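Structure at a glance
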Amino acid sequence: MNELLTKIQHTTRHAKQAGALHSLTTAQEVIVDHGIPFVVRILEQLDRKENYQAKQEKAKVNPFLPYEQDLFVCDLTPHHVCLLNKFNVVDHHILIITREFQPQETWLMEADFTALAHCLQRLDGLAFYNAGAIAGASQPHKHLQLIPFQSNGETFSVPIDQVLSQLNDRMQPQQIPLFPFMHGIIPLPQDYDGKILFDCYLALLRFLRFIDGPLNPGWQTQAYNLLVTRRWMLLVQRAQDQYEKIPVNSLGFAGALLVRNQMQLSLLKKLTPLQLLASVAAQGDLSQRAIAPFE
Ligand code: AMP
């Protein structure tokens, strides 16, 4: 077993005993839309998490600086630290936070991808970044996240994998015709590292015309969700954080949605999951955008 997973398991046991971890229980239902088995979690306790975060925000508390010692997993790089997510829905959900404050709405840089690659190489799962409040972020301090596919006998699945067989395996930005929103996806090589992940991110930013030359560090120009597995990286441009009060973050674009109650679940069934995603993402004529080569 690798050292990162051992540390995550150890910290989870410790944090549970210390009462620092608030695992949120959910009922779940599957809604199949165009062959994608969307997993919809019904999280009646979402208010508990939001109340806690609202209090912190009001008191201008940054929960990641200082972070709670009971949730500390390990140092990752000179610039990044690994914590447990305090309010997890799935066990072993980790946060990759910057040691010093950096705004969540600034571009990711190579150092962020080095920390991400370190975790993803040791823990097979879904990594993601909610780039700003419009993309579903609740915290302004830079944090990437990773949910392992397997933890304590539980499986976390990525429903959109069902349609990713349409992905052509050339390492260049492309699109999934079924997705009715502005996005780019790129297959990853088996031996990826932080530099390769960063290059793929740049290729996607150019593909979606967020930038058209080198990346200048600093404020992002668009809100977006970034999803990364060991096999692909997906970037979705966002227009709004919720539709009819159903909040959507990166997990939604993986096919894992969250509703607050049965009323929202009924609304989602009527609307359909892909239409919900289309409603919160940016729209545009993608065919007009030149496909940028990888390099
Ligand atoms: P996001 O909502 O995408 O910005 O992700 C931030 C995550 O931080 C949320 O999923 C929260 O559950 C989590 N969180 C909030 N407060 C803390 C805390 N004190 N320590 C660790 N994680 C936290």
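For the structure itself, consult the block above.
Per chain, the residues get numbers from 1 upward, laid out in the order the sequence is written. Local features in a predicted model are, by the rule used here, given only for residues with pLDDT of at least 70; side-chain atom pairs are given and counted only at 80 or more, and totals for whole chains, interfaces and linings are based on all residues. Only hydrogens and water are removed before side-chain values are computed, so all heavy atoms of the structure are retained for them.

It is worth spelling out the sheet that holds strand E5 (residues 94–98) at this point. Between any two strands, at least two bridges found by DSSP are needed for them to pair. Helix and strand definitions follow DSSP, with helices as H or I runs of at least four residues and strands as E runs of at least two, each counted in order from the N terminus. Read across the sheet, eight strands follow the order E3-E4-E5-E7-E6-E11-E12-E10 without closing on themselves; strand pairing throughout is antiparallel. This sheet does not close on itself; its edge strands, each paired only once, are strand E3 (72–77) and strand E10 (183–187). Looking at each pair of strands side by side, their axes are set apart by 20° on average, direction ignored. Sheet topology note: the strand E11 (residues 224–228)/strand E12 (residues 232–237) ladder contains five bridges and is antiparallel. Residue pairing in the sheet places Val228 in a bridge with Met233 of E12. Those strands touched by helix H3 (residues 110–122) are E3, strand E4 (80–84), E5, strand E6 (125–131), strand E7 (143–148), E11 and E12, and its axis lies near 155° from that of E5. Convention adopted: a line fitted to C-alpha atoms gives each axis, helices being fitted over their contacting stretch, and angles between N-to-C directions are expressed from 0 to 180 degrees. The criterion used for residue contact is that any of the two residues' heavy atoms lie within 4.5 Å.

Here we take up the site of the ligand. Near the ligand you find 19 residues, and of these Asn85, Asn130, Ser138, His143 and Gln145 are the closest. What qualifies as a polar contact is a pair of N or O atoms within 3.5 Å, subject to a donor-acceptor requirement within protein and to the restriction that residues adjacent in sequence count only when both atoms come from side chains. Note that a nitrogen atom of the ligand is positioned 3.5 Å from one of the side-chain N or O atoms of Glu68. Within the side chain of Asn130, one N or O atom sits 2.8 Å away from an oxygen atom of the ligand. Exposure was quantified through the Shrake-Rupley algorithm and a 1.4 Å probe, taking into account, for residues, occlusion by the shown protein chains and nothing else. Protein contact buries 96% of the 500 Å² of open area that the ligand shows by itself. Of all the secondary-structure elements, those providing two or more residues to the shell around the ligand are helix H2 (46–58) and E7. It is H2 that provides the largest number of residues to the shell around the ligand, a total of three residues. The residue classification treats Ala, Val, Leu, Ile, Met, Phe, Trp, Tyr, Cys and Pro as nonpolar and Asp, Glu, Lys and Arg as charged. All others, Gly included, are polar. In terms of residue class, the shell around the ligand is built from eight nonpolar, eight polar and three charged. Working definition: residue near molecule or strand if any one of its non-hydrogen atoms lies within 4 Å of it.

Turning our eyes to something else, we now look at the sheet that holds strand E2 (residues 36–42). Taking strand neighbours across the sheet as the criterion, the three strands line up as E1-E2-E15 in an open arrangement whose pairing is mixed. Looking at strand neighbours, the two that pair on one side only are strand E1 (27–33) and strand E15 (256–259), the edges of this open sheet. Here the average twist between neighbouring strands, direction ignored, is 30°. Note that E1 and E2 share seven bridges and pair antiparallel. Bridge assignment links Ile31 to a residue of E2, and that residue is Phe38. Along the sheet face, helix H6 (residues 262–271) touches E1, E2 and E15 and points at about 10° away from the line of E1.

Here we take up the packing of H3 against helix H4 (residues 194–207). Two elements in contact, H3 and H4, have axes separated by 8 Å at closest approach and are oriented at 125°. Relative to H4, the element H3 is oriented oblique. Seen from above, H3 lies across H4 with right-handed handedness. Side by side, H3 and H4 meet where Glu110, Phe113, Thr114, Leu116 and Ala117 of the first sit next to Gly194, Lys195, Leu197, Phe198 and Tyr201 of the second. In terms of residue class, the contact of H3 with H4 is built from six nonpolar, two polar and two charged. In this scheme, roughly parallel covers angles under 35 degrees and roughly antiparallel covers those over 145, while 65 to 115 is roughly perpendicular and the rest are oblique. Two helices that cross are described as forming a left-handed crossing if the nearer one is turned anticlockwise from the farther one by less than a right angle, and a right-handed crossing if clockwise.

Below, the discussion takes up the pairing of E10. Burial status follows relative accessibility: with a 1.4 Å probe on protein chains alone, a residue under 20% of its type maximum counts as buried, one over 50% as exposed, and anything between as partly exposed. Burial analysis of E10 places five of its five residues in the buried class, the great majority of the element. Of the two faces of E10, the one carrying His183, Ile185 and Pro187 and the one carrying Gly184 and Ile186 are both buried. Where E10 meets E12, five bridges bridge the pair, whose relative direction is antiparallel. Residue pairing across strands places Ile186 opposite Met233, the latter belonging to E12.

Throughout, nonpolar core names a set of buried Ala, Val, Leu, Ile, Met, Phe, Trp, Tyr and Cys residues whose side chains join them through atoms within 4.5 Å. Grouped together as the largest cluster of nonpolar side chains are 51 residues, with contacts concentrated most on Tyr201, Tyr224, Leu226 and Met233. By residue number, the principal contributor to this core is H4, which donates nine residues. Beyond its immediate chain neighbours, meaning those up to four positions away, Tyr201 contacts Trp107, Leu108, Phe113, Leu215, Tyr224, Leu226, Met233 and Leu235. Formed by 39 residues, the second largest nonpolar core is a distinct cluster that contains Ile160, Leu167, Ile185 and Leu257.

Between Lys or Arg on one side and Asp or Glu on the other, a salt bridge is scored when a side-chain nitrogen of the former is within 4 Å of a carboxyl oxygen of the latter. Applying the stated criterion across every chain yields a total of nine salt bridges. Close ionic contact of Lys7 with Glu3 constitutes a salt bridge, the shortest N to O distance being 3.2 Å. Here the residue Lys7 and the residue Glu3 both occupy positions in helix H1 (residues 3–18), the gap between them amounting to four residues, near one helical turn. According to the relative accessible area criterion, Lys7 is partly exposed, its value standing at 33%. For Glu68, the salt bridge identified is with Lys86, shortest N-O distance 3.1 Å. Here Lys86 lies in the loop between E4 and E5 and Glu68 lies in the loop between H2 and E3, a separation of 18 residues in the sequence. Owing to a relative accessible area of 28%, Glu68 belongs among the partly exposed residues under this scheme.

With that settled, consider H6. Listing the buried residues of H6 in full gives Gln264, Leu265 and Leu268. Angular distribution of buried residues about the axis of H6 spans 105°; they occupy a single face of the element. What points out from H6, more than 90 degrees from its buried face, is the exposed set Met263 and Lys270. In the core, the buried residues of H6 are packed alongside E1, E2, strand E14 (246–247), E15 and helix H7 (273–280). Note: the arc covers the axis-to-C-beta directions of the helix.

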